[in-house]
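Okay, here's what each chain looks like letter by letter:
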Protein chains: 2
Amino acid sequence: MNAAPTISDLARALNLSISSVSYALNGHKGVSEATRRRVIEYATRVGYRANSSARALSRARTGSIGIVVRDDYAVIGTEPYYLRFLAGIAAALEGTEVELIVKLTESGLDDELAIYRRWAAERRVDGIILIDENIDDPRAGLAQSLGLPAVLHGTTPPTHPELPGILTDDAFDSATIVEHLALRGARRILHAAGPMRHRHEVRRCEAVAAECAAHGLSYDSICGSYELSHGERAADLVAARSTERPDAIVAANDLIAVAACRRLVQHDIRVPEDCLVVAWDNSVLCEITEPPISALDRHPERCGTKAAQMLLELLRNAEAPVRIEIADPSALVVRRSSAPLGVH
Amino acid sequence: MNAAPTISDLARALNLSISSVSYALNGHKGVSEATRRRVIEYATRVGYRANSSARALSRARTGSIGIVVRDDYAVIGTEPYYLRFLAGIAAALEGTEVELIVKLTESGLDDELAIYRRWAAERRVDGIILIDENIDDPRAGLAQSLGLPAVLHGTTPPTHPELPGILTDDAFDSATIVEHLALRGARRILHAAGPMRHRHEVRRCEAVAAECAAHGLSYDSICGSYELSHGERAADLVAARSTERPDAIVAANDLIAVAACRRLVQHDIRVPEDCLVVAWDNSVLCEITEPPISALDRHPERCGTKAAQMLLELLRNAEAPVRIEIADPSALVVRRSSAPLGVH
């Protein structure tokens, strides 16, 4: 018997009906003790395991959780946050038999919602992890109306108190960055922020602006995509200013920061002598570029692990009180791109 | 009715037995035409969809395919090949209702095999995509003995003629790289190869050595992990040679190449004036580092898409002849790290 034996194979081999075999395996009444022992011995010997579809039906569980990563494939392929977050989920699932269904998609929000509806309708997953919280995010409400357990990896303050979540404190992170830049002598901040559909980007704009005001720094921002071209645009903007020129760029990710540094140098603006650069989201890119770029590490692996653990807990006990946790504080990895201004 | 309606909900609402509803929905005999129409109308109105576990049982399909990515999480998180390959699979699945189960794991080969056994035994997936072909790879044979349809993303020549595959022509790629380096004036190649458990690394060592011999170049290799430290070791080796010093490094991936460049400069060996560097696997890292690094783009998205398409075809028609395809030729993206030697 090469392929995995089915319950029909067992029944045929033992000359029993399928329901007798099923009763025997599941401990129901209706078969003799002798038959039960014979079935179990044989099933063990041939390595029979219950079909997961059948078990899913009987216990109303699929043994899978799902996550949708929605972005341009080009961004998904260069954004280490996603893979590190997925690795964190995987770490939480090691040793369990829970599978992770991953949907990478370039489609819009409506299509993402359609995926959750289909997963719920077809009972493909027991629960979902939501990432990249949107402004006025309809996903939490949808998950609830579908009866689909969900955990949100979003940003503080919580907008969905009914949903368990692991939230990043973007106000705290913004304060860390601005305080660092102020100490290093920056007076005028240009914030090259990411797409405003992400709630964390909006939060960071508010928080960086507020921190700048508190430290007496000027604040300007431009929004764009998580791509090299956005960093180049930010550097061009700095170069175009003859007076009150920004002396620090806060970049939404590593690619933007790297591109900004390269373009600044082309404009004869030195990093860090004339302009500091700090990035959200540390990566090997920040480490290997010249000059190396100071960056905030948000520990995506830990967030992924925590989100998966919270979802598994929720699946074990749907009645447990809703827990919303703040992620471990991000760590600013200080490199040469934010060495003190003008002291070189 | 907030949660997705089940067949029990339908039966209750229509005051029918569950089996009557099931018969009506599935077109079996045993219910009147009037009842059938009433059931279907109501089921359509409330958005009932058959439970996927139930459908999986009836058609012996799970609607999922699986992939195991086995490596250190640190490597998985910095290796864009994986995410780009997964994005390619996702592109092939868009518009279908086939889900992708992704298992990221740091465990060994035995644990990977155990995952396939479990997936087959529990009927979690309809088929699998195998990546990172090993020497004496037992996975193809296991998939066959489990009756689990599989497609291999491996390297030429095929070692598993019974298995459909999308194979990279590493001999062709090796020739591309060596020919380029020879034209740029290199005489002595040091190959910083990856772990020898990967069949493609072994193939590349053989092929690069053969191409060097054909072009009259000397060849040396060191094996190591896909990490920065391996590139540093390669550069140290170059620097340690006072005579017959290698004048070109072929790196197994982008990280190794970047680290080699940085360390060479610390040894006062200039890139490309004194030593050329070319990397396997193009990435944004190669693009943004200084000097930018010439690299071979293997089009991982296309390979992922092709592998998924082949698996879907196989699932549609298990009797179709086994197809083994060679991946599109890799493209060498030439950058400054391999500008002609000594002409600067």
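For the structure given in this document, a descriptive report is provided here. (Residues numbered from 1 in each chain as written. Chains lettered and ligands numbered in written order. Predicted model: local features only at pLDDT ≥ 70, side-chain atom pairs only at ≥ 80, totals over all residues. Heavy atoms only, no water.)

The subject of this paragraph is helix H9 (residues 170-183) of chain A. All names here are of chain A. An ideal rise of 1.5 Å per residue puts 20 Å on 14 residues; H9 measures up with 20 Å between its terminal C-alpha atoms. Of all the positions in H9, only Asp170, Asp173, Ser174, Ala175, Ile177, Val178, His180 and Leu181 are classed as buried. Of the residues one or two after H9, Gly185 is the one with positive phi, at around 100 degrees. (Helix = DSSP H or I, 4+ residues; strand = E, 2+ residues; numbered from the N terminus. Expected span 1.5 Å × (residues − 1). Buried < 20%, exposed > 50% of the residue type's maximum accessible area, 1.4 Å probe, protein only.)

Attention now goes to the pattern of salt bridges. Within this structure, the stated rule accounts for 52 salt bridges over all chains. Across the pair Arg298 of chain A and Asp281 of chain A runs a salt bridge whose closest N-O atoms are separated by 2.7 Å. A residue pair is termed long-range when its members are at least 10 positions apart, and Arg298 of chain A in the loop between strand E10 (294-297) and helix H14 (300-316) and Asp281 of chain A in the loop between strand E9 (276-280) and helix H13 (284-288) qualify at 17 residues. Here Arg298 of chain A and Asp281 of chain A have matching classes, each one buried. Each of Glu99 of chain A together with Lys103, Arg118, Glu122 and Arg124 of chain B takes part in one network of salt bridges that share partners. (Salt bridge = Lys/Arg side-chain N within 4 Å of Asp/Glu carboxyl O.)

Here we take up the packing of aromatic side chains. Residue and element names in this part refer to chain A. Summed over the entire model, instances satisfying the criterion amount to 4 aromatic pairs over all chains. Seen in terms of ring centroids, Tyr116 and Trp119 are 6.1 Å apart; in terms of plane orientation they differ by 70 degrees. Their pairing is edge-to-face. In this pair, Tyr116 and Trp119 are both assigned in helix H7 (residues 109-121), 3 residues apart and thus about one turn of the helix distant. Neither Tyr116 nor Trp119 differs from the other in exposure class; each is buried. (Phe/Tyr/Trp six-rings, centres within 6.5 Å; stacked < 30°, edge-to-face > 60°.)

Another point: a negative patch on the surface. A grouping of Asp72, Glu106, Asp110, Asp111 and Glu227 of chain A together with Glu94 of chain B is seen on the molecular surface, where their side chains present a negatively charged patch. Tracing the backbone shows Asp111 of chain A in helix H7. Take Asp111 of chain A: its relative accessible area is 42%, and that puts it in the partly exposed class. (Patch = residues over 30% accessible without salt bridge, like charges linked within 9 Å, V, L, I, M, F, W, Y side chains within 5 Å. Areas by Shrake-Rupley, 256 points an atom, 1.4 Å probe, with all protein chains shown as cover. Lys, Arg positive; Asp, Glu negative; His and termini not counted. Charge placed at Lys NZ, Arg CZ, Asp CG, Glu CD.)

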